[in-house]
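Now for the letters of each chain:
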Amino acid sequence: MLEKPPVSASEFSWWLPRHHKSAGFARRLLRAFLAKQPDGEQVLDTGELVLGELVTNAVLHAKTPPGRLIFIRFELHPGSLRIEVHDADTNRPSIPRPASEHDETGRGLWLVSQLAADWGCCPRAGGIGKVMWARIEGDQQ
């Protein structure tokens, strides 16, 4: 895992490999980051779920050359948490849809759309790929 130092106490970022264990590691990083923040626990549970889904999508679905990393970024504002997951695939995800009871996958973006106060996808500024982002409100817990 490659580290990128935080910009400020209310921001954190890290580079992750495209690996099936990266979602769990990202959730641990978020827990550690929020543990140091006043009222960080207000966004922890929802933040972990949303982050896990976005990282898992980047690992499983981003079509990128071997060796490309995933960049995650958290920014805590009063009452909300912004989560970003950057990958090197320029293709945007499909529209979220509820999965049927027989589907084994396909619930990730639908879950994000239900849990986040706002979310979206945009091109990476100054780079190849996209940013999936979500804003978690503190009063959702």
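Summarised in this report is the structure supplied together with it. Bear in mind the structure is a predicted one, so any value in this text is a computation, not a measurement. (Residues numbered from 1 in each chain as written. Predicted model: local features only at pLDDT ≥ 70, side-chain atom pairs only at ≥ 80, totals over all residues. Heavy atoms only, no water.)

**What about the environment of Asn91?**
Looking at where Asn91 falls in the secondary structure, it is placed in the loop between β4 (80-87) and α3 (108-115). Separated by 30 residues in sequence, Asn91 and Cys121 place their C-alpha atoms 9.9 Å apart. (Helix = DSSP H or I, 4+ residues; strand = E, 2+ residues; numbered from the N terminus.)

**Section: the packing of helix α1 (residues 22-35) against helix α2 (residues 44-61)**
For the pair α1 and α2, interaxial distance at closest approach is 8 Å and the crossing angle is 150°. The orientation of α1 relative to α2 falls into the category roughly antiparallel. Like other packed secondary-structure pairs, α1 and α2 cross with a definite hand, here right-handed. Judged by residue contacts, Ser22, Ala23, Ala26, Arg27, Leu30, Arg31 and Leu34 of α1 engage Leu44, Gly47, Glu48, Leu51, Gly52, Val55, Thr56 and Val59 from α2. In terms of residue class, the contact of α1 with α2 is made up of 8 nonpolar, 4 polar and 3 charged. (Axes fitted to C-alpha atoms, helices over the stretch in contact; angles between N-to-C directions. Parallel < 35°, antiparallel > 145°, perpendicular 65-115°, else oblique. Left-handed = near helix turned anticlockwise from the far one by under 90°. Contact = heavy atoms within 4.5 Å. Nonpolar A, V, L, I, M, F, W, Y, C, P; charged D, E, K, R; others polar.)

**Observations concerning the packing of aromatic side chains**
Under the definition given, this model contains 6 aromatic pairs. Both rings, one in Phe12 and one in Phe33, keep their centres 6.1 Å apart while their planes meet at 35°; by these two values the pair is tilted. Within this pair, whereas Phe12 is found in strand β2 (residues 11-16), its partner Phe33 is found in helix α1, the two being separated by 21 residues in sequence. Grouping residues by exposure puts Phe12 and Phe33 together as buried. Aromatic side chains Phe33 and Phe74 sit 5.8 Å apart centroid to centroid with 40° between the ring planes, which places their arrangement in the tilted category. Placement of Phe33 in helix α1 and of Phe74 in strand β3 (residues 70-77) is noted, with a sequence separation of 41 residues between them. Phe74 shares its class with Phe33; the two are buried. In this structure an aromatic cluster arises from ring pairing among Phe12, Trp14, Phe25, Phe33 and Phe74. (Phe/Tyr/Trp six-rings, centres within 6.5 Å; stacked < 30°, edge-to-face > 60°. Buried < 20%, exposed > 50% of the residue type's maximum accessible area, 1.4 Å probe, protein only.)

Structural measurements only, silent on function.
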